[in-house]
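Below are the chains, spelled out letter by letter.
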Amino acid sequence: MFQPEREAMPLPELRALQLRQLQDMVARQHEHVPAYRKKFQDAGVTPDDLQTLDDLRRFPLTYKADLRDNYPLGLSAVPRGALRRIHASSGTSGKPTVVAYDDHDLEVFAEVVARSLYAAGARPGMVFHNAYGYGLFTGGLGTHGGAARLGLCTVPVSGGGTERQVELILDLQPEVIACTPSYALVLADQLARRGLGPDDISLRAAVLGAEPWGDKTRQEVETRLGVKATNIYGLSEIIGPGVSNEDASEQRGSYLWEDHFYPEILDPQTAEPLPDGAWGVLVLSSMSRRAMPVLRYWTGDITRLMPGAGATGRTMRRMDQIRGRSDDLIILRGVNVYPTQLEAVLVGLGQTSPHYHVTLTRSGRMDELHLQVEAHDESVALQQEIERQIKAQIGVTVRCKLCAPGSLARSEGGKLRRVTDLRDVR
Ligand code: DLL
């Protein structure tokens, strides 16, 4: 552990710290952020109503729309002169969502990323190939700060330029790489094109996140790059990468740094709290943030808090892999489908590559799901077997099309979109 005194804090102490920090955050929001004061008024609560952790459910949720409505810095709780960095989240229509950090927030950011990288297997003195995008995206600079805190030597290569990335990996011999899972496969492809494999490179640990991925991708990245791959999760509104990370020795659930981020799992439809073990929407409160603390932020990410403690001695809870987002949930003729469920069926079959793409169309009143998958064997028999297994395991009829390895779009370091929804295009 990077910070055993925090990561393995006795549970009663952790719960007391969470309550204290939540009380402090709500008081600061009430005093300094008019939009929160109004939200509290509308919900009929005051900061004094937060006496136990259970009381939190009476407090209002924060949605992405709240950040947009208060664009750019309306939710800031500190004077403008105290701000030290701005990031923005990608991929939304219209204006981006802007998030702000003061000195204290950047310390917290570095600390949670350092813990995450350590859990992934990074150790002081190692060389760190950082292929997350540098810029407004939190991935590059966020992991950079944590790597400095841990004592790594960072190669700030950022995204894109795959050939140059491979050169740098060969020449500088990094032990640790951070990038999206889909980009890790792009790098493996480029190495293979040069006739190189895991024994020719120095990498040992890959810290992968920013998009949903599953065990099929993990297996492929691990064998082709010769690394242990762990899942790093996070989002700009809460801090960026480093809300949680798996431990390399365990690879079962990401330890959520609960001394800074308070997690809840809510029912996607009713927003009622769900117990540990149940799948629902992850809601997070960034308790220790100063510049732009958010209360009960509806991440839209579907996961669960895993029941019981992990095997590493940490007391903090683990979250499972993200199954999808509550808003990219595919509802196909009444059946809920997450793209990662399709991936799980492909893993089970074991005869395709992890590259797939879903296109949703509507003909008349019928929604159709077209699944393109790369496979060496483009036979009708395999295509029918995939359709049959998906029907049997998920309960939906899909049309599968096999295509040659390398033919589907690859990530250039940014987020890969696995679903194209053409149903609303008229
Ligand atoms: O993607 C922060 C990040 C950077 C995380 C690098 C990990 C590594 P945003 O651009 O605000 O921030 O996007 C946040 O990305 O709500 C999830 O839907 C998705 N996401 C992030 N990490 C994972 C993951 C960064 N490990 C949104 N698995 C989140 C699945 C992820 N989805």
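Bear in mind that the values here come from a model prediction, so they are computed numbers and not experimental data.

A. Quick peek at the overall build of the protein. When helices and strands are tallied, the protein shows 11 helices and 20 strands. In summary, the protein has a C-alpha radius of gyration of 22 Å against a globular reference of 22 Å for 426 residues, a match within 12%. Taking the principal axes of its C-alpha atoms as reference, the protein extends roughly 65 × 55 × 40 Å. Burial statistics for the protein: of 426 residues in total, 56% are counted as buried.

B. Quick look at the sheet that holds strand S17 (residues 356-363). On the basis of which strands lie adjacent, the open sheet formed by four strands has the order S19-S18-S17-S20 and mixed pairing. Edge strands, defined here as strands with exactly one partner in the open sheet, are strand S19 (399-403) and strand S20 (419-421). Ignoring strand direction, the axes of neighbouring strands in this sheet form an average angle of 20 degrees. When S17 meets S20, the two strands line up parallel, connected through three bridges.

C. Layout of the site of the ligand. The local shell around the ligand holds 22 residues, among which Asn231, Ile232, Ser236, Asp301 and Lys415 are the closest. The backbone of Ala210 places a nitrogen or oxygen atom 3.1 Å from a nitrogen atom of the ligand. Within the side chain of Ser236, an N or O atom sits 2.5 Å from an oxygen atom of the ligand. Protein contacts shield 94% of the accessible area of the ligand, which totals 600 Å² for the unbound molecule.

D. Inspection of the nonpolar core at higher detail. Among the nonpolar cores identified, the biggest contains 66 residues, and Leu117, Phe261 and Leu284 are the most heavily contacted of them. It is helix H5 (residues 103-120) that provides the largest number of residues to this core, a total of eight residues. Of all hydrophobic cores here, the second largest spans 23 residues; its members include Ile330, Leu332, Val358 and Ile386.

E. Up close: helix H6 (residues 138-150). The terminal C-alpha atoms of H6, which comprises 13 residues, lie 18 Å apart, in line with the 18 Å expected from a rise of 1.5 Å per residue. Those residues of H6 that sit buried are Thr138, Gly139, Gly140, Gly142, Thr143, Gly146, Ala147 and Leu150. Packed against the buried residues of H6 are strand S1 (83-89), strand S2 (97-102), H5, strand S3 (127-130), strand S4 (153-155) and strand S8 (240-246). Positive backbone phi, approximately 100 degrees, marks Gly151, located one or two places after H6.

F. Inspection of the pattern of salt bridges at higher detail. Under the defined criterion, the tally for this structure stands at 29 salt bridges. Here Arg6 makes a salt bridge to Asp259, at a shortest N to O gap of 2.7 Å. Note that Arg6 is positioned in helix H1 (residues 4-7) and Asp259 in the loop between strand S9 (254-256) and strand S10 (261-266), a separation of 253 residues in sequence. A relative accessible area of 0% means that Asp259 is categorised as buried. Between Glu167 and Arg194 there is a salt bridge whose closest N-O contact spans 2.6 Å. In this pair, Glu167 is assigned in helix H7 (residues 162-172) and Arg194 in the loop between helix H8 (181-193) and strand S6 (205-209), connecting sequence segments 27 residues apart. Via salt bridges that share partners, Asp189, Glu220, Arg224, Glu374 and Arg410 belong to a single interconnected network.

G. Quick peek at the packing of aromatic side chains. Within this structure, the stated rule accounts for five aromatic pairs. Aromatic pair Phe2 and Tyr118: ring centres 6.5 Å apart, planes at 45 degrees, arrangement tilted. Linking Phe2 in the segment before H1 with Tyr118 in helix H5, this pair joins segments that are 116 residues apart in sequence. Here the aromatic rings of Tyr36 and Phe40 are separated by 5.9 Å at their centres, their planes lie at 40 degrees, and the arrangement is tilted. Separated by four residues within a single helix, Tyr36 and Phe40 lie in helix H3 (residues 34-43), roughly one turn from each other. The same class applies to Tyr36 and to Phe40, which are both buried. Taken together through their ring pairs, the aromatic side chains of Tyr36, Phe40 and Phe59 make up a single cluster. When the ring centre of Tyr118 is taken as origin, the NZ or CZ atom of Arg123, which lies over that ring, is 3.6 Å away. Lying across the ring of Trp279, Arg323 places its NZ or CZ 3.7 Å from the centre.

H. Structural view of the pairing of S17. Sheet topology places S17 next to strand S18 (residues 366-374); eight bridges connect them, and they run antiparallel. Residue His357 lies in a different strand from S18, and its bridge partner there is Gln372. Linkage of S17 to S18, two consecutive antiparallel strands, is achieved through a turn of two residues, within which Gly364 is found at a positive phi near 65 degrees.

I. Representation of the UniProt feature "domain: AMP-dependent ligase C-terminal" (unreviewed entry) in the protein within the structure. In the numbering adopted here, UniProt assigns the feature "domain: AMP-dependent ligase C-terminal" (unreviewed entry) to residues 334-423. Helix makes up 29% of residues 334-423 and strand 31%, with an end-to-end C-alpha separation of 15 Å.

J. Spotlight on the environment of Ser326. Residue placement: Ser326 occurs in the loop between strand S14 (324-325) and strand S15 (330-332). For Ser326 and Gly280, which are 46 residues apart along the polypeptide, the C-alpha to C-alpha distance reads 8.5 Å. With near-sequence residues (within four places) excluded, Ser326 lies in contact with Val281, Trp298, Gly300 and Ile302.

Cut-offs applied
- Residues numbered from 1 in each chain as written.
- Predicted model: local features only at pLDDT ≥ 70, side-chain atom pairs only at ≥ 80, totals over all residues.
- Heavy atoms only, no water.
- Helix = DSSP H or I, 4+ residues; strand = E, 2+ residues; numbered from the N terminus.
- Rg over C-alpha atoms; globule rule 2.2 N^0.38 Å.
- Buried < 20%, exposed > 50% of the residue type's maximum accessible area, 1.4 Å probe, protein only.
- Pairing = 2+ DSSP bridges.
- Axes fitted to C-alpha atoms, helices over the stretch in contact; angles between N-to-C directions.
- Near = heavy atom within 4 Å.
- Polar contact = N/O pair within 3.5 Å; in protein donor to acceptor, adjacent residues only side chain to side chain.
- Areas by Shrake-Rupley, 256 points an atom, 1.4 Å probe, with all protein chains shown as cover.
- Core = buried A, V, L, I, M, F, W, Y, C linked by side-chain atoms within 4.5 Å.
- Expected span 1.5 Å × (residues − 1).
- Contact = heavy atoms within 4.5 Å.
- Salt bridge = Lys/Arg side-chain N within 4 Å of Asp/Glu carboxyl O.
- Phe/Tyr/Trp six-rings, centres within 6.5 Å; stacked < 30°, edge-to-face > 60°.
- Lys NZ or Arg CZ within 6 Å of the ring centre and 35° of its normal.
- UniProt positions renumbered as here; feature names shortened; annotations may be inferred.

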